[in-house]
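Structural characterization, general
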Amino acid sequence: MAGTLAQSLRKRLAQYDGRATTILGEIEAEFGGGTDYLRSLIDLAADPDGNTADGATWLLKAAIEAGTAIELDQVDALFAQLPQVRSWPAQLHLCQSVRYLPISTSSAAGLADWLKPLLNHERPFLRAWSLDALGRLAREHPKYDARFGIALQAAEQDTAASVRARARNLGRGA
């Protein structure tokens, strides 16, 4: 059943131009809350079509931020796809979502590895939010404290004010 929903979502996401989020709100109203909705969005998070992945991760982030429960096995499935997520907006949405997700021990190393190059990404917001995600990972799995501390120090010296601000907030325990 999730495959059918994913196909329907993919067709609707094909209409998304990567900018106008009105269509995403329509998709959310049409499909949101269904039993396989999150699973289908997770399946589409690493879609080779950037706009599909961007839209799916935007919808996933919106659902999670709104309090939709996500199971640990769903989070593990999402994190298993991280290396295939190539679009920077999709990467950003996922980094912004990490603060709401449980992180299993089995997924922690993969998440940490995926975040490492994003900490130096050319896009400042992606640098800032990958730092936020690494901080969340370190809070849940203290073995990543040292890695987070090094990244936090580097971010405090970043050329972008948004990255420095996120670093200051995280340094205060935000």
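Residues numbered from 1 in each chain as written. Predicted model: local features only at pLDDT ≥ 70, side-chain atom pairs only at ≥ 80, totals over all residues. Heavy atoms only, no water.

Side note on the packing of helix 7 (residues 105-118) against helix 8 (residues 124-140)
Threshold: Geometry is summarised by axes, namely lines fitted to C-alpha atoms with helices restricted to the contacting stretch, and by angles between N-to-C directions that run from 0 to 180 degrees. A run of H or I in DSSP becomes a helix once it reaches four residues, and a run of E becomes a strand once it reaches two; helices and strands are each numbered from the N terminus. Working definition: roughly parallel below 35 degrees, roughly antiparallel above 145 degrees, roughly perpendicular at 65 to 115 degrees, and oblique for all remaining angles. In this scheme the crossing of two helices becomes right-handed for a clockwise turn of the near helix relative to the far one and left-handed for an anticlockwise turn of less than a right angle. In this analysis, two residues are considered to be in contact whenever any of their non-hydrogen atoms come within 4.5 Å of each other.
It is at 9 Å that the axes of helix 7 and helix 8 come closest, and there the two elements cross at 155°. In terms of axis orientation, helix 7 runs roughly antiparallel to helix 8. The handedness of the crossing between helix 7 and helix 8 comes out as left-handed. Where helix 7 abuts helix 8, its residues Ala108, Leu111, Ala112, Leu115 and Leu118 lie against Leu126, Arg127, Ser130, Ala133, Leu134 and Leu137.

Observations regarding helix 8
Filter applied, for reference: Here the expected span of a helix is defined as 1.5 Å times the quantity of residues minus one. Residue burial is assigned from relative accessible area. The probe radius is 1.4 Å, only protein chains are included, and a residue is buried under 20% of its type maximum, exposed over 50%, and partly exposed in between.
With 17 residues, helix 8 should cover 24 Å at 1.5 Å per step; its first-to-last C-alpha distance of 25 Å lies within 8% of that length. With 13 of 17 residues buried, helix 8 lies mostly within the body of the structure.

Notes on the pattern of salt bridges
We count it as follows: Definition used for salt bridges: Asp or Glu carboxyl oxygen within 4 Å of a side-chain nitrogen of Lys or Arg.
By the definition in use, this model includes eleven salt bridges. Its salt-bridge partner being Asp132, residue Arg166 comes within 2.9 Å of it at the nearest N-O pair. You can see Arg166 sitting in helix 10 (residues 161-171) and its partner Asp132 sitting in helix 8, a full 34 residues away along the chain. In terms of burial, Arg166 and Asp132 fall into one category: buried. Residues joined in a network through salt bridges with shared partners are Arg12, Glu26 and Glu30.

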